[in-house]
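Chain by chain, the residues:
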Amino acid sequence: VPPSMNLLSSVDVQKDAVHGVWHKTNGGVRNDLLLTPRTGPQLKLPKPIPYANYKLRIEFVRLSGNNAVFFGVPCGDGHAFIGLDSQAANGEWQFFVNDKTRQGRLTTNRDYVLEVFVTTENGATNISATLNGEKIAEGKWLLENLRKKIGWIASDHGIVSVSCVKSIIELQKVVATRLNGK
């Protein structure tokens, strides 16, 4: 198994689109808001992450819209859920990793780098995430919290998924890198 993997290299936009229409771009993929059903565009990246401990680097830009971008990320025996620019029940805009939140907004036509670190030690899985170098959240990954929060995340083991609401996003690079030799 190589020490890092480009997860966009094997995407087939016709086959891997769960909802909506996705297109190949110069090195990446983007969704088409106008041709997307009301459920919001969703894409599964078909190449599973084979590492227990890894860093996931996602480079993306929101080309239009003003609402949430979501990522389902392999974590332990399931998936963690990362939301960027999601509106909370109290009306505040936030970034979150499962149930850990902080206030934040995405800007349209700005390049973003989301880095997610997943580590497993003594049976416990930890996750932390940064956006353009600023920490979003960190903590223990809890499957039961995730199941209560949301149900749409790709359930295929090891698969990364992306979805957005009323926005067009372009994934420019998605690379998983093994950490600690595992």
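Up top is the structure.
Colleague: I'd like a description of the nonpolar core, backed by residues and values.
Modeller: Of all hydrophobic cores here, the largest spans 39 residues; its most connected members are Leu-56, Phe-60, Phe-71 and Leu-114. Once residues within four sequence positions are removed from consideration, Leu-56 is found in contact with Leu-7, Ile-49, Val-73, Leu-114, Glu-115, Val-116, Val-160, Val-174, Val-175 and Ala-176.

Colleague: How would you sum up the packing of aromatic side chains? Please name residues and give values.
Modeller: The full count for this structure, using the stated rule, is 2 aromatic pairs. Considering the side-chain rings of Phe-60 and Tyr-112, the 5.5 Å spacing of their centres and the 20° angle between planes classify their relative orientation as stacked. Residue Phe-60 is found in strand 6 (residues 54-65), and its partner Tyr-112 is found in strand 11 (residues 111-121); the two are separated by 52 residues along the sequence. No difference in accessibility class separates Phe-60 from Tyr-112, as the two residues are buried. Cluster of aromatic residues (ring-pair linked, three or more members): Phe-60, Phe-71 and Tyr-112.

Colleague: Pulling in residues and values, what's your account of the side chain of Glu-59?
Modeller: Take Glu-59: it is sitting in strand 6. Residue class for Glu-59 comes out buried when judged on its relative accessible area of 18%.

Colleague: Requested: an account of the pairing of strand 13 (residues 134-140), with residues and values cited.
Modeller: In terms of strand pairing, strand 12 (residues 124-131) meets strand 13 through 6 bridges, oriented antiparallel. Counterpart to Leu-131 in the pairing with strand 13 is Glu-134. Joining the antiparallel neighbours strand 12 and strand 13 is a turn of 2 residues, in which Asn-132 adopts a positive phi near 50°.

Colleague: Any chance you could break down the pattern of salt bridges for me, citing the residues and the numbers?
Modeller: All told, the structure shown has 5 salt bridges when counted by the stated rule. The shortest N-O distance in the salt bridge between Asp-85 and Arg-62 comes to 2.7 Å. In this pair, Asp-85 is assigned in strand 8 (residues 78-87) and Arg-62 in strand 6, connecting sequence segments 23 residues apart. The pair Asp-85 / Arg-62 is uniform in exposure class, with both members buried. Put simply, Arg-105 and Asp-85 hold a salt bridge, and the shortest N to O gap is 2.5 Å. Taken together, the residues span a long stretch of sequence, with Arg-105 in the loop between strand 10 (100-103) and strand 11 and Asp-85 in strand 8 at a distance of 20 residues.

Cut-offs and rules
- Residues numbered from 1 in each chain as written.
- Predicted model: local features only at pLDDT ≥ 70, side-chain atom pairs only at ≥ 80, totals over all residues.
- Heavy atoms only, no water.
- Core = buried A, V, L, I, M, F, W, Y, C linked by side-chain atoms within 4.5 Å.
- Buried < 20%, exposed > 50% of the residue type's maximum accessible area, 1.4 Å probe, protein only.
- Contact = heavy atoms within 4.5 Å.
- Phe/Tyr/Trp six-rings, centres within 6.5 Å; stacked < 30°, edge-to-face > 60°.
- Helix = DSSP H or I, 4+ residues; strand = E, 2+ residues; numbered from the N terminus.
- Pairing = 2+ DSSP bridges.
- Salt bridge = Lys/Arg side-chain N within 4 Å of Asp/Glu carboxyl O.

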